[in-house]
Amino acid sequence: MFVSKLDELANWCRKNSLWPMPFATACCGIELMATGASKHDLARFGAEVFRFSPRQCDLMIVAGRVVMKMLPVLQRIWLQMHEPKWVISMGACASTGGVFDTYAVVQGIDRFIPVDMYVPGCPPRPEQLIQAIIDLQDKIQREGTITGREFDTAERQRKKRALVEATLPLTIDAARNPVLQRELAAAADAAART
Amino acid sequence: MPITQPPVDAVIQALTAAVRPCDVSVFRGQTRVVVPVERALDAFRHLAGAGFDLLVDVTCVDYLDYRGAKQRYGLVYVLVNTVTNERLTVRVFADDPDPTVPSVTSIWRAADWLEREVWDLFGVRFEGHPDLRRLVMPEVFTAHPLRKDYPLQGRGERHNFPVLTRDDG
């Protein structure tokens, strides 16, 4: 009883302060910006704080087509986002590839990352995106738990740690980084002169 | 002065004299010269010396199954003389297997990325290019997608990624 009340409180907090990660690659991104701007005013739904760091976000809005070169970036950003996190696939291209049925365009991001909400349209109007966010808020209120049990398993924890260690280089190898080498050389040069 | 002017006959005549045989044609005020591949570098050096100091574009056309085409790949070089505003299109042809043309990076530095793009998308090799790597496609890509015999939807490269689930994140 007490835990379920806590869940409810956590869900209420989370749903009313979604911080979107704008993954805007095409014209849907313009509608995404319009949604956040004064006329449509996403702040009315508590989701106006766009952050450009995945570490500070809990809602990824993929707006636009994703090509082969971009998909590994998308996946890495999704992995870097903290729990609890959700994904909105905005527009025809993000959801299905849209008209771009070509060799380099990924035919729907849901093939490679989990998606919570799809927004149809090419591009969708801001009202449609707002409706998707409202629907997502309903979903969070209905299904969410304070500990994120709806996402979590022990197996998942283990796999997550292994995957992060395997995919993200944790140290910078100075010998293989020309920019760093140049900066180190400049610093040594400056020190030698003084 | 108009924005572009057809190259004066003197340039073309000098080029034809220096590098023969050259096939010259004019269409709607635009001059085009076809240069045999083995004399291409000489021709480009001659044109650079004659004042064509700007390489606007290097691109390619795949003439696979094109009626009347003798060779498959037609390179297009667009040159401009920035002093006189003369404009000239130079064509060089190459054929399967292993289509190869000389690189013009030693004459115009602008050719560097343009030739890398043509290599990436058409698989035409540029002999003497300092760093002939893919430019636009991912490095793991093995095909040259703008060739006419490459399927529009690819050969499954776009589906070749790990699938992340909730368990991974």
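Further up the page is the structure itself.
Conventions we followed
- Residues numbered from 1 in each chain as written.
- Chains lettered and ligands numbered in written order.
- Predicted model: local features only at pLDDT ≥ 70, side-chain atom pairs only at ≥ 80, totals over all residues.
- Buried ≥ 20, exposed ≤ 12 C-beta atoms within 10 Å, placed from the backbone.
- Helix = DSSP H or I, 4+ residues; strand = E, 2+ residues; numbered from the N terminus.
- Pairing = 2+ DSSP bridges.
- Right-handed = clockwise from strand over helix to strand, strands pointing away.
- Contact = placed C-beta atoms within 7 Å.
- Nonpolar A, V, L, I, M, F, W, Y, C, P; charged D, E, K, R; others polar.
- Axes fitted to C-alpha atoms, helices over the stretch in contact; angles between N-to-C directions.
- Parallel < 35°, antiparallel > 145°, perpendicular 65-115°, else oblique.

A. Representation of the pairing of strand E2 (residues 59–63) of chain A in the model. Residues and elements named next belong to chain A. Counting buried positions along E2 gives 5 out of 5 residues, so the element sits mostly inside the fold. What you see with E2 is no split at all: Leu59, Ile61 and Ala63 on one side and Met60 and Val62 on the other are buried throughout. Relative to E2, strand E1 (residues 20–24) is paired through 5 bridges, and the arrangement is parallel. Residue Met21 lies in a different strand from E2, and its bridge partner there is Met60. Handedness of the crossover is the feature at issue here: the chain leaves E1, passes through helix H2 (residues 27–36), returns alongside E2, and the resulting connection is left-handed. Sheet analysis places E2 next to strand E3 (residues 86–90), joined by 5 bridges and oriented parallel.

B. A look at the interface of chain B and chain A. At the interface, 15 residues of chain B touch 24 residues of chain A. For the side of chain B that touches chain A, the residue count by class is 6 nonpolar, 4 polar and 5 charged.

C. Seen up close, the packing of H2 of chain A against helix H5 (residues 126–143) of chain A. Residues and elements named next belong to chain A. Packing of H2 against H5 leaves a shortest axis separation of 9 Å and a crossing angle of 70°. Accordingly, the angle class assigned to the pair H2 and H5 is roughly perpendicular. Two secondary-structure elements touch here, H2 through Glu31, Leu32, Ala34 and Thr35 and H5 through Pro126, Leu129 and Ile130.

D. Examining the sheet that holds strand E4 (residues 73–81) of chain B more closely. Residues and elements named next belong to chain B. As summarised here, the arrangement of the 5 strands in space is E1-E2-E5-E4-E3, forming an open sheet in which the pairing is mixed. The open sheet is flanked by strand E1 (23–27) and strand E3 (54–62), the only strands paired with a single partner. Going from strand to strand, the sheet's axes swing by 20° on average, the running direction of each strand aside. Of the pairings in the sheet, the one linking E1 to strand E2 (residues 30–34) comprises 5 bridges and is antiparallel in character. When the bridges of E2 are listed, Asp23 appears paired with Val34.

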